[in-house]
Amino acid sequence: MKVWILQWKRKAASLIIVSILAFLTGLFIKAPRALEHYILKQWEESAAQVDVIIGYKGSPIQIVASTLYRLENPTGNIPESSYSFWRSHPLVELATPVALGDNVEGHPLVGTDSTYYQWFQMPLKIGRYPENSGEVIVDVDLANQLEIKVGSSLISAHGSDSRGESHDHPLTVVGIVEASRNVDKAALFTLPQTYWSLHHSAEHSYTSVMLKLKSKSAMLMLSNVINNRANEQGAFPVFIFGQLQKQWQPTIDLAGRWSWIIAFAVILLFIAYITSLFNAERNTIAFLQNHRRSRSWIFIQVFGNVLLLTFVGFVFAEWAIKVVIGVQPVLQEILVMLFTLITAVSLLWIKLKKS
Amino acid sequence: MRAILWVTIMIVGIQGPAWGQKVVSWDLLAVPYSTTPEGLYSPEFPSWLDSYKNQEVVLQGYLVPVDVKAKQYALSRYAFSSCFFCGNAAPNTVVELIFSDQPHHLVTDQFVVIKGILVFNESDPYRLFFIIQQASFHG
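Residues numbered from 1 in each chain as written. Chains lettered and ligands numbered in written order. Predicted model: local features only at pLDDT ≥ 70, side-chain atom pairs only at ≥ 80, totals over all residues.

Student: Any chance you could explain the overall build of chain B here in plain terms?
Tutor: What chain B contains, in helices and strands, is two helices and eight strands. The N-to-C order of helical and strand elements in chain B reads α-β-α-β-β-β-β-β-β-β. Looking at the 139 residues of chain B, the share that counts as buried comes to 25%. In chain B, the share of contacts with a sequence separation of at least 24, taken over all contacts with a separation of at least 6, comes to 59%. (Helix = DSSP H or I, 4+ residues; strand = E, 2+ residues; numbered from the N terminus. Buried ≥ 20, exposed ≤ 12 C-beta atoms within 10 Å, placed from the backbone. Contact = placed C-beta atoms within 7 Å.)

Student: I keep staring at the overall build of chain A and nothing clicks. Help me out?
Tutor: Counting its regular elements, chain A contains 14 helices and 13 strands. Rg of the C-alpha trace for chain A: 29 Å, well past the compact-globule value of 20 Å for 355 residues, more than 25% over. Each principal axis of the C-alpha atoms in chain A carries an extent, and together these give about 95 × 45 × 35 Å. Every one of the 355 residues in chain A was classed for burial, and the buried ones make up 39%. Considering only intrachain contacts with a sequence separation of at least 6, the fraction spanning at least 24 residues in chain A is 77%. (Rg over C-alpha atoms; globule rule 2.2 N^0.38 Å.)

Student: Would you mind going over the packing of helix α2 (residues 12-49) of chain A against helix α11 (residues 237-280) of chain A with me for this structure?
Tutor: All names here are of chain A. One can describe the packing of α2 onto α11 by two numbers: an axis separation of 9 Å at closest approach and a directional angle of 175°. Put simply, α2 runs roughly antiparallel to α11. Class assignment of the residues belonging to the contact of α2 with α11 gives a composition of 32 nonpolar, six polar and two charged. (Axes fitted to C-alpha atoms, helices over the stretch in contact; angles between N-to-C directions. Parallel < 35°, antiparallel > 145°, perpendicular 65-115°, else oblique. Nonpolar A, V, L, I, M, F, W, Y, C, P; charged D, E, K, R; others polar.)

Student: Where do I start with the domain arrangement of chain A in this structure?
Tutor: How big an interface is tends to be reported as the loss of accessible area on association of its parts. By domain assignment, chain A separates into domain 1 (2-42 + 246-354) and domain 2 (52-235). Here the C-alpha centre of domain 2 of chain A lies 48 Å away from the C-alpha centre of domain 1 of chain A. (Domains from an automatic or database assignment.)

Student: Help me understand unusual backbone geometry in this model?
Tutor: Residue and element names in this part refer to chain A. Positive phi values are uncommon outside glycine, yet Glu105 reaches one of about 50°. With respect to the helices and strands, the residue Glu105 is situated in the loop between β3 (92-104) and β4 (107-112). Take Glu105: there are 14 C-beta atoms within 10 Å of it, and that puts it in the partly exposed class. One non-glycine residue with positive phi stands out, namely Arg292, at about 60°. Relative to the elements of secondary structure, Arg292 occurs in the loop between α12 (282-290) and α13 (295-325). On the basis of neighbour counts, which here come to 6 C-beta atoms within 10 Å, the residue Arg292 falls in the exposed class.

Student: Before we go on, may I ask you to explain the confidence of the model for chain B in this structure?
Tutor: Segments scoring low in pLDDT should not have their predicted coordinates read at a detailed level. Residues and elements named next belong to chain B. Scored by pLDDT, chain B comes out at a mean of 81, with 78% of its residues at no less than 70. Here helix α1 (residues 2-19) stands out as the least confident element of chain B, with mean pLDDT 55; strand β7 (residues 111-120) is the most confident, with 93. Across the whole predicted complex the pTM is 0.74, and at the interface the ipTM reaches 0.77. (pLDDT = per-residue confidence, 0-100.)

Student: Quick question: what am I supposed to make of helix α14 (residues 331-354) of chain A here?
Tutor: Think of an α-helix as 3.6 residues a turn; residues three or four steps apart then line up on the same face. All names here are of chain A. Over its 24 residues, α14 extends 34 Å from the first C-alpha to the last, a length consistent with the 34 Å expected when each residue adds 1.5 Å. Taken together, the buried positions of α14 are Glu333, Met337, Thr340, Ala344 and Leu348. Elements in contact with the buried residues of α14: α2, α11 and α13. (Expected span 1.5 Å × (residues − 1).)

Student: What is the right way to read the interface of chain B and chain A from this model?
Tutor: Of the residues lining the interface, 26 residues belong to chain B; the matching set on chain A comes to 26 residues. Elements supplying a minimum of two residues to the side of chain B that touches chain A: β4 (56-67), β5 (72-76) and β6 (94-99) of chain B. Counting residues per element, the side of chain B that touches chain A draws most heavily on β4(B), at three residues. Class assignment for the residues of the side of chain B that touches chain A results in 15 nonpolar, five polar and six charged.

Student: Which parts of the structure should I look at to understand the environment of B:Thr93?
Tutor: All names here are of chain B. Structurally, the position occupied by Thr93 is in the loop between β5 and β6. Overall, Thr93 belongs to the partly exposed group, with 19 C-beta atoms counted inside 10 Å. Sequence separation between Thr93 and Ala74 is 19 residues; the distance between their C-alpha atoms is 10 Å.

Student: Got a minute to help me understand the pairing of strand β13 (residues 232-235) of chain A in this structure?
Tutor: Looking down a regular strand, the side chains alternate between one sheet face and the other. Residue and element names in this part refer to chain A. Here β13 shows two buried faces, one formed by Glu232 and Gly234 and the other by Gln233 and Ala235. Sheet topology places strand β1 (residues 52-56) next to β13; four bridges connect them, and they run antiparallel. Note that in β13 the partner of Gly55 across the bridge is Gln233. (Pairing = 2+ DSSP bridges.)

Student: How should the nonpolar core be read in this particular structure?
Tutor: Buried together is how nonpolar side chains tend to be arranged in soluble globular proteins. Ranked by internal contacts, the top residues of the largest apolar core, which has 81 residues, are A:Leu211, B:Ala74, B:Val95 and B:Ile132. Each residue touching A:Leu211, except ones within four places of it in the same chain, is listed here: A:Asp51, A:Val52, A:Ile54, A:Trp86, A:Val92 and A:Ala95. Counting 26 residues, the second-largest nonpolar core is a separate cluster that includes A:Ile285, A:Ile298, A:Val302 and A:Leu348. (Core = buried A, V, L, I, M, F, W, Y, C linked by C-beta atoms within 7 Å.)

Student: Could you clarify how one ought to interpret the environment of B:Asn54 in this entry?
Tutor: Residues and elements named next belong to chain B. Along the chain, the position of Asn54 falls in the loop between β3 (41-43) and β4. Linking Asn54 and Leu118, residues 64 residues apart in sequence, is a C-alpha distance of 5.0 Å. Sequence-distant contacts of Asn54, that is, excluding residues within four places in its chain, are made with Ile117, Leu118 and Val119.

Student: For this particular structure, what's the right way to read the environment of A:Ile39?
Tutor: Residues and elements named next belong to chain A. Tracing the sequence through the fold places Ile39 in helix α2. Residue class for Ile39 comes out partly exposed when judged on the 17 C-beta atoms lying within 10 Å of it. Residues Ile39 and Ser133 lie 94 residues apart in sequence; the distance between their C-alpha atoms is 38 Å.

The following block contains the structure:
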């Protein structure tokens, strides 16, 4: 036992290198999937949740980008009758109206109804959801950032930029929520009625209507229906995602192949470093051998800490990728890590046997 | 020698279709349909299609994703990039695919040849008119 403790004290520097190398090896093995996840996952999440978005005639990409991701300006407005039509269409399970165009200190103000909060999982933390025109809810992180709480007054402005023309009616914060999607964490939510009163519009309108259909195949049956609706454009997030994937997939595949080559180089480096530790321990091993200790006892006393730290490094890499990027572990990658570890152990063992 | 060759060709020629799959065209699948008062579609399957019912068929077309998460795809007569929603597409120009092995990375608009069991959907208004069960890539 004493040797084991001594080893920790004596080899602090090399042990730190071992754990960092193990961590890096773990990261690089998972890099290809992490990359793909990073580029496509965010889009995939939302594309899987919303089947169709109906907006004013224009580019489907613009409609998806503005409604789902708030990246673009909306194409225009559609009347309330459009919302009523789609809400009662037999292929539609759920229809949620969305009004966009204003901002609060540069953060988009989204006018929608209570179905949105269920759809995108935004449970209430404090207060309540908006019930009257002029009431606003906001994600807990954004609330902290803007230093607002329930009861605070806010001023909204036209456009996506806080320098736009300001509205004279202040908005009141009535609730703090916990949003799931990143884009929802950076937005404020109110009722569509707020938009109508802020803009003094006699005719009630929306920017778009998001639809969840009764089946995924129903999407393909709606093409005729949408084509026959005047001034309406149907945008299908899954198709936009498909186009995006088609554009990105070759790059991801190429990057994936390179990632594997780099991962392989890091694995070799890692194995080389671990086996090089053997030479540094030559004297300790010789000393223990003179004391007639068994080979496995010597192995565990001298290299046990190295193996333990390797294991910790791998687990930490798994954990980091899972928590930070959200990539779930897969068997294939765990097997590669296990293989790396076994190779390192066997090489050390063979060297010990030969000495 | 020549006789043997002819006989062989004939045997293969006769037996070929009997073993194998029937190649179907999109024109064959473009069945008439009506719209119900609620706005749903109801297909009519002509009797000359009966010989294809629940048979193994081969069909070629373009892959259209319908659910990225569940990796669900449909096969379309028209490519998405050549304007799927501009007018040509209709409920009878797409079929549902149920893969026996869930495929990974399929690319939108990829032109593929699919083999599978052709099922007529006569009752469920929320699914497409034709469903290819046990679908797999052919050739």
